[in-house]
Amino acid sequence: MSARPQSANSWQYRALNALTPGLDHFSDALLDEIAAGVPIVAGTADLQYSNGLEKFARLAPDRFVQFGISEQNMVSAAAGMAACGQSPYVATFASFLALLCCEQIRMDVAYSKLPVRLVGHHAGISLGFYGTSHHATEDLAIMRAIAGLAVVAPSDGNQLRSLIRAARDWAGPIYFRIGRGRDPEIYGTPPVLEIGKGIERSTGRDLTIIATGSTVHPADLAAKALTEAGHSVGLIDMHTVKPLDAALIRDVAGRTGQILTVEEHNVLGGLGGAVAEVLADIGGSVRLTRHGIMDEYSLIAPPTHLYHHYRLDAGGIEQVARGLLS
Amino acid sequence: MTTATTPHATPALSADTRFAPDAERVRLLKDRARFSRLETVRLIEIAKVGHYTSAFSAAELFSVLYYDAMRLSDDPNWADRDRFMMGKGHAAVGLFPILADLGYFGRDILDGYTRLGNPLGDHPDMTKVPGIDFSSGSIGHALSAGCGMALSARMQGQDYVTYVMIGDGELQEGQVWEAALFGAHYGLSNLVGIIDRNGYQLDGAVDDVIGVEPIVDKWQAFGWEVHVVDGHDVTALATLFRALRADAARTRPAMVVARTVKGKGVSYMETDPGWHLGYLDPGDAERAIAEINAMEA
């Protein structure tokens, strides 16, 4: 008798990449960089199937380093490699990378001005019922407070590719905040962009939503629904949280009624906090509302249930925005 | 199998017949290990994803700890209870049914595993789940927390034992070795570590990812009393834990290296390491349940 799984609905970890084609963007972008002559080294801490680096490991085995479950060792080792001329990308869950490895990132990477690329995946509450240990709702705030470290949060796989391409010419270290490879596509091809320059996808006189990373897609849907309902609602894809595009925020503040920031993160210290700092510096009167996780630990549930609960899906963001427009 | 390379230490305390459980207890312990596996399959059906194999390798350990070794009461907050925590928190799906069976929370909570707002998720949470002595999820913290509990018992004149289960992949975390130094330095004889040596982690065989052998030599060199045992032999496990508790002369922490099989009980999971994480749809789950039920009683 063979008891092996027979149903197409059954699956196991090593099939994750095949089941989640969006994971390929990360490996593909790094392979492109190698083809362009960048001395890429990719490393992970026992998560090569979760972040899709399994593909990179297969196609560029001599440029792949498996660290096992030793995240802090991985970050410091990456700093050592960068000090010797390599261009290391190291990836693990955002919770472990930004929180567990915080001091290694500050001292060995950022203070040392080494061009390490830190890729925190499954950010926010996207690990659902894995619980608080696996949630990263503080990483933007922590990484943003580290001097010399750029912080980017691509909104889909194509934008991740653009940001990895842009990183080639960025001298300092970068923290990439990404999801779980299941982001709906926003950009059909890798968009033209610049680190530190937000993308104004639409303009709005009544309200401008500023979103980053995973919240750009649902915010886009919400803005479109509100526009169809007769409101004038714009959207900025703020893929770089640091250095923040203060010029764009200043500009928008002068031509929109209100600003709503939306992030899969604590409302303290992340995108909303960063925008608040810029608005405080301006001293203008535009009203800012910060939407995200309200300084609490998330419940557990499947991720989509959590997005609904915390009003981070399109319907929830639309509801929050309607409350501001009424 | 990688675990076969872990040598046995001598003398084998786990074979000391003075501490052996009787036949009735052995039957109970096997039955509760089976119960843990069956419930693991049922709960993962609710979540649609889970760590079958990590829970299966620890099923006998859970059973022996909670139905024989540990000093517990009906009150999960009893101050003098033995403590248990696991660095490999992702095996919690196999422990939650046991805590419910012990009456620490209701069946309705168990049946809401991973649903919105339920206390039971993929990892154990001491703030939400009665009977969970310490939260985990980020690999590598548990042995340090256990050191703190064991030292606290001594400082407060309490005689509970602290048990900490860690994964073999977890040995790759630096903090584990800080705790190893600490536990030996303070002579924490009321601390029992357990390594679930199932040989596999997410990305492959532990010895291929980042090798951890020789485990026994390492822990001995760090000053721990090391015992190697078959982690699926409930008689040997119960004997060993009883003997360790009875040994008032020990002045060091003990480390139990439990040689286990990842996915124990479901044939293809035992041979295919990709099952660290996965999902069986109901038809496949039924076939897995049949295999678990066919395990030796």
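Computed from a predicted model, the values in this text were never measured in an experiment.

**Student:** It is not clear to me how the domain arrangement of chain A should be interpreted in this structure. Could you clarify?
**Tutor:** All names here are of chain A. On domain assignment, one finds that chain A holds domain 1 (13-177) and domain 2 (199-325). If you average the C-alpha positions of domain 1 and of domain 2, the two centres end up 25 Å apart. On the side of domain 2, 33 residues touch domain 1, which itself brings 30 residues to the contact. Interface of domain 1 and domain 2: buried area, both sides summed, is about 2,200 Å²; carbon and sulfur atoms make up 59% of it. Linking Arg144 and Glu277 is a salt bridge whose minimum nitrogen-to-oxygen distance equals 2.8 Å. A per-element tally of the side of domain 1 that touches domain 2 places helix H7 (residues 139-144) first, with 4 residues. Split by residue class, the side of domain 1 that touches domain 2 holds 16 nonpolar, 10 polar and 4 charged.

**Student:** Looking at this model, I keep getting lost on the nonpolar core. Mind explaining?
**Tutor:** Taken as a class, soluble globular proteins show a tendency for nonpolar side chains to be buried jointly. Among the nonpolar cores identified, the biggest contains 76 residues, and Phe84 and Phe241 of chain B are the most heavily contacted of them. Apart from the residues within four sequence positions on either side, Phe241 of chain B is in contact with Leu61, Val64, Leu65, Ala69, Tyr163, Val192, Ile194 and Val256 of chain B. Core analysis: the second largest hydrophobic core is formed by 53 residues, Phe64, Ile195, Ala211 and Leu324 of chain A among them.

**Student:** I tried to follow the UniProt feature "domain: Transketolase N-terminal" (unreviewed entry) in chain B on my own but got confused; where do I start?
**Tutor:** The UniProt record annotates "domain: Transketolase N-terminal" (unreviewed entry) at residues 36-271 of chain B. What you have in residues 36-271 of chain B is 42% helix and 14% strand, and the ends, taken at the C-alpha atoms, are 21 Å apart.

**Student:** Teacher, can you tell me more about the packing of aromatic side chains here?
**Tutor:** In this description, an aromatic ring pair is defined by two values, namely the gap between the centres and the angle between the planes. Residue and element names in this part refer to chain B. Under the criterion given, the structure shown has 15 aromatic pairs over all chains. Ring geometry for Phe182 versus Tyr186: centroids 4.7 Å apart, planes at 45°, classification tilted. Ring-pair connections join several aromatic residues into one group, and the members of that group are Tyr52, Phe56, Tyr268 and Trp275. A cation over a ring is seen here: Arg32 above Phe35, with NZ or CZ 4.3 Å from the ring centre. In this structure, Arg83 packs its charged tip against the face of Tyr160, placed 4.2 Å from the ring centre.

**Student:** Explain the pattern of salt bridges to me, please; I cannot follow it from the model alone.
**Tutor:** Two side chains of opposite charge can pair, provided their charged atoms sit close to one another. With the rule as written, the count across this model stands at 35 salt bridges over all chains. Glu39 of chain B is paired through a salt bridge with Arg42 of chain B; the nearest N and O atoms lie 2.9 Å apart. One end of the pair, Glu39 of chain B, and the other, Arg42 of chain B, are both in helix H1 (residues 23-47), 3 residues apart, so they sit about a helical turn from each other. Among the residues examined, Arg42 of chain B registers a relative accessible area of 26% and is labelled partly exposed. Two residues, Arg287 of chain B and Asp284 of chain B, come together in a salt bridge whose shortest N-O distance is 2.6 Å. With Arg287 of chain B and Asp284 of chain B both in helix H12 (residues 282-293), this residue pair falls 3 residues apart, about one helical turn. For Arg287 of chain B, a relative accessible area of 26% puts it in the partly exposed group. The network of salt bridges with common partners includes Asp24, Asp28, Asp32, Lys55 and Arg161 of chain A.

**Student:** Hey, could you run me through helix H4 (residues 92-101) of chain B in this one?
**Tutor:** Along an α-helix, residues three or four positions apart point the same way, because every turn accommodates 3.6 residues. Residue and element names in this part refer to chain B. In terms of burial, H4 is a largely internal element, 9 of the 10 residues being buried. For H4, the full list of buried residues reads Ala92, Val93, Gly94, Leu95, Phe96, Pro97, Ile98, Leu99 and Ala100. Backbone geometry just after H4 places Gly103 at a positive phi near 90°.

**Student:** I'm lost on the sheet that holds strand E1 (residues 83-86) of chain B in this one. Help?
**Tutor:** What links the strands of a sheet is backbone hydrogen bonding, and the strands pair in either a parallel or an antiparallel sense. All names here are of chain B. Taken together, the 5 strands give an open sheet; going across it, the order is E1-E2-E3-E7-E6, and neighbouring strands pair in parallel fashion. Strands with a single pairing partner mark the edges of an open sheet, and in this sheet they are E1 and strand E6 (225-230). Strand after strand, the sheet turns through a mean of 20° between neighbouring axes, direction not considered. Looking at chain direction, strand E2 (residues 162-167) and strand E3 (residues 191-197) are connected through 6 bridges and run parallel. Note on E3: the bridge partner recorded for Gly167 is Asp196.

**Student:** Mind showing me how you'd approach the sheet that holds strand E10 (residues 233-237) of chain A here?
**Tutor:** Residue and element names in this part refer to chain A. Across the sheet, which stays open at both edges, the 5 strands sit in the order E8-E10-E9-E12-E13 with mixed pairing between neighbours. Either end of the sheet is taken by a strand with one partner, and the two such strands are strand E8 (199-202) and strand E13 (287-293). Between one strand axis and the next, the sheet turns by 25° as a mean value, whatever way the strands run. Taken together, the 6 bridges between strand E12 (residues 258-266) and E13 define a ladder with parallel strand orientation. Bridging from a neighbouring strand, Thr261 pairs with Arg290 of E13.

**Student:** How should the environment of Ala253 of chain A be read in this particular structure?
**Tutor:** Residues and elements named next belong to chain A. Its place among the elements puts Ala253 in helix H10 (residues 246-253). You can call Ala253 buried: its relative accessible area is 18%. Taking C-alpha positions, Ala253 is 8.7 Å from Thr208, a pair spaced 45 residues apart along the chain. Here Ala253 is in contact with Ile259, Leu279 and Val286, once residues within four sequence places are set aside.

**Student:** What's the story with the side chain of Glu54 of chain A in this structure? I'm lost.
**Tutor:** Residue and element names in this part refer to chain A. Tracing the backbone through its elements, the reader meets Glu54 in helix H3 (residues 53-59). Looking at Glu54, the relative accessible area reads 14%, which means it is buried. Not counting chain neighbours up to four residues away, the residues in contact with Glu54 comprise Asn17, Gln48 and Tyr49.

**Student:** So what exactly am I meant to see when it comes to the environment of Thr53 of chain B here?
**Tutor:** Residues and elements named next belong to chain B. As for its placement among the helices and strands, Thr53 is situated in helix H2 (residues 52-57). Residue Thr53 is classed as buried on the basis of its relative accessible area, which comes to 1%. Sequence-wise, Thr53 and Glu286 are 233 residues apart; in three dimensions their C-alpha atoms are separated by 16 Å.

**Student:** It is not clear to me how the UniProt feature "domain: Transketolase-like pyrimidine-binding" (unreviewed entry) in chain A should be interpreted in this structure. Could you clarify?
**Tutor:** Feature annotation in UniProt assigns "domain: Transketolase-like pyrimidine-binding" (unreviewed entry) to the following positions: residues 20-185 of chain A. Secondary structure content for residues 20-185 of chain A is 40% helix and 16% strand, and the end C-alpha separation is 13 Å.

Scoring rules and cut-offs
- Numbering of residues starts from 1 in each chain and follows the order in which that chain's sequence is written.
- Whichever chain is written first is A, and whichever ligand is written first is 1; the rest continue in order.
- Where local features are concerned, this predicted model is filtered to residues with pLDDT of at least 70; where side-chain atom pairs are given and counted, the filter is 80 or more; whole-chain, interface and lining totals use all residues.
- Each side-chain value is worked out from all heavy atoms of the structure, with water and hydrogens disregarded.
- Note: domain ranges come from an automatic or database domain assignment.
- Note on contacts: a residue pair is in contact if any heavy atoms of the two residues lie within 4.5 Å.
- Note on terms: buried area is the combined drop in 1.4 Å-probe accessible area of two parts once they are placed together, counting the loss on both.
- Criterion for a salt bridge: a side-chain nitrogen of Lys or Arg within 4 Å of a carboxyl oxygen of Asp or Glu.
- Strands here mean DSSP runs of E at least two residues long; helices mean DSSP runs of H or I at least four residues long; both are numbered from the N terminus.
- In this classification, Asp, Glu, Lys and Arg are treated as charged, Ala, Val, Leu, Ile, Met, Phe, Trp, Tyr, Cys and Pro as nonpolar, and every other residue, Gly included, as polar.
- Nonpolar cores are built from buried Ala, Val, Leu, Ile, Met, Phe, Trp, Tyr and Cys residues. Side-chain atoms within 4.5 Å join them into one set.
- Residue burial is assigned from relative accessible area. The probe radius is 1.4 Å, only protein chains are included, and a residue is buried under 20% of its type maximum, exposed over 50%, and partly exposed in between.
- UniProt positions are given in the numbering used here, feature names are shortened, and annotations may be inferred rather than shown by experiment.
- To pair, rings of Phe, Tyr and Trp, with the six-membered ring standing in for Trp, must have centres within 6.5 Å; the planes then decide the type, stacked if under 30 degrees apart, edge-to-face if over 60, and tilted in the middle.
- When the NZ atom of lysine or the CZ atom of arginine is within 6 Å of a ring's centre and also within 35 degrees of its normal, the charge is said to sit over that ring.
- Pairing between strands is defined by DSSP: at least two bridges between them are needed.
- Convention adopted: a line fitted to C-alpha atoms gives each axis, helices being fitted over their contacting stretch, and angles between N-to-C directions are expressed from 0 to 180 degrees.

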